[in-house]
Structure formats: C-alpha cells, structure tokens
Amino acid sequence: MSTLPKGAAAQEWQNAGPTRITVNLAPKAAAALDQAVKLTGDTKTDTINRALQIYAYLERVSQDGGALYTRPADGDELERLHFV
C-alpha cells in the first residue's frame, strides 16, 4: 500500500485546502514535538506537517524493499534503521 497518492489523485490531493484535525499525543510524542520545534524554530503545525511527509517517505522506501541507514555524528559505521 502506497502512503502517498499518485497520478490524478496526487493532483487532487495537492489542490485541496488545509485539513484541520485534532490529535492526542502521548507524553513522549509531545516531548518529541517540543524538542523538534526548539531544534528547528518551526511552528508545531509546520513540524507536524514535515514529520508526516518524512514518515510517509520512509515507509514508502521500506515497503518498496529499500533500506534506511544513519550514521551518528561521532561514528564511522552506518546503522540500519528498523521500524516496528
């Protein structure tokens, strides 16, 4: 299942106006949101929008059989990311 619309559905999705939602964040998620806002200087809305886009991209890569890696700033080795 794709996480982003394709073709005509993507065009319709992009032309749609903002969607207002209410979300209840777990304490760890709320703390992560606050941390991301402090790190970026973005608003909570912008941070959530960006996070959802990144999440959809990462899920698409993973579901398409790709692999995701990261390298800590103080490390030489790549570490494979696993989402559960």
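Everything below is about the structure shown above.
Residues numbered from 1 in each chain as written. Predicted model: local features only at pLDDT ≥ 70, side-chain atom pairs only at ≥ 80, totals over all residues. Heavy atoms only, no water.

K.L.:
So, the overall build of the chain: which residues are in play, and what are the values?
P.N.:
What the chain contains, in helices and strands, is 3 helices and 2 strands. Helices and strands appear in the chain in the N-to-C order α-α-α-β-β. Of all 84 residues assigned to the chain, the portion counted as buried reaches 8%. Excluding contacts between residues fewer than 6 apart, the proportion of contacts in the chain whose partners are at least 24 apart in sequence is 21%. Within the structure as shown, the chain displays about 7,500 Å² of accessible surface, and the carbon and sulfur contribution to it stands at 54%. (Helix = DSSP H or I, 4+ residues; strand = E, 2+ residues; numbered from the N terminus. Buried < 20%, exposed > 50% of the residue type's maximum accessible area, 1.4 Å probe, protein only. Contact = heavy atoms within 4.5 Å. Areas by Shrake-Rupley, 256 points an atom, 1.4 Å probe, with all protein chains shown as cover.)

K.L.:
Could you give an account of the side chain of Thr-47, with specific residues and numbers?
P.N.:
Assignment of secondary structure puts Thr-47 in helix α3 (residues 44-63). A residue is classified by how much of its surface remains accessible, and Thr-47, at 10% relative accessible area, is buried. Look past the residues within four positions of Thr-47 in its chain and what remains in contact with it is Leu-33, Ala-36, Val-37, Thr-40 and Asp-42.

K.L.:
Talk me through the pattern of salt bridges; I want residue IDs and the actual numbers.
P.N.:
Inspection of every chain in the model, using the stated rule, returns 1 salt bridge. The partner of Lys-44 in a salt bridge is Asp-34, with the nearest N and O atoms 3.7 Å apart. Note that Lys-44 is positioned in helix α3 and Asp-34 in helix α2 (residues 27-40), a separation of 10 residues in sequence. You can call Asp-34 partly exposed: its relative accessible area is 34%. (Salt bridge = Lys/Arg side-chain N within 4 Å of Asp/Glu carboxyl O.)

K.L.:
Account for the packing of α2 against α3, with residues named and values stated.
P.N.:
Packing of α2 against α3 leaves a shortest axis separation of 10 Å and a crossing angle of 105°. One element, α2, and the other, α3, form an angle in the roughly perpendicular class. Across the interface between the two elements, Leu-33, Asp-34, Ala-36, Val-37 and Thr-40 from α2 touch Lys-44, Thr-47 and Ile-48 from α3. Counted by class, the contact of α2 with α3 contains 4 nonpolar, 2 polar and 2 charged residues. (Axes fitted to C-alpha atoms, helices over the stretch in contact; angles between N-to-C directions. Parallel < 35°, antiparallel > 145°, perpendicular 65-115°, else oblique. Nonpolar A, V, L, I, M, F, W, Y, C, P; charged D, E, K, R; others polar.)

K.L.:
Give a description of α3 that names residues and reports values.
P.N.:
Along its 20 residues, α3 runs 28 Å from first to last C-alpha, staying within 8% of the 28 Å computed at 1.5 Å per residue. The elements touched by buried residues of α3 are α2 and β1 (68-70). Phi turns positive, to about 95°, at Gly-65, one or two residues after α3. (Expected span 1.5 Å × (residues − 1).)

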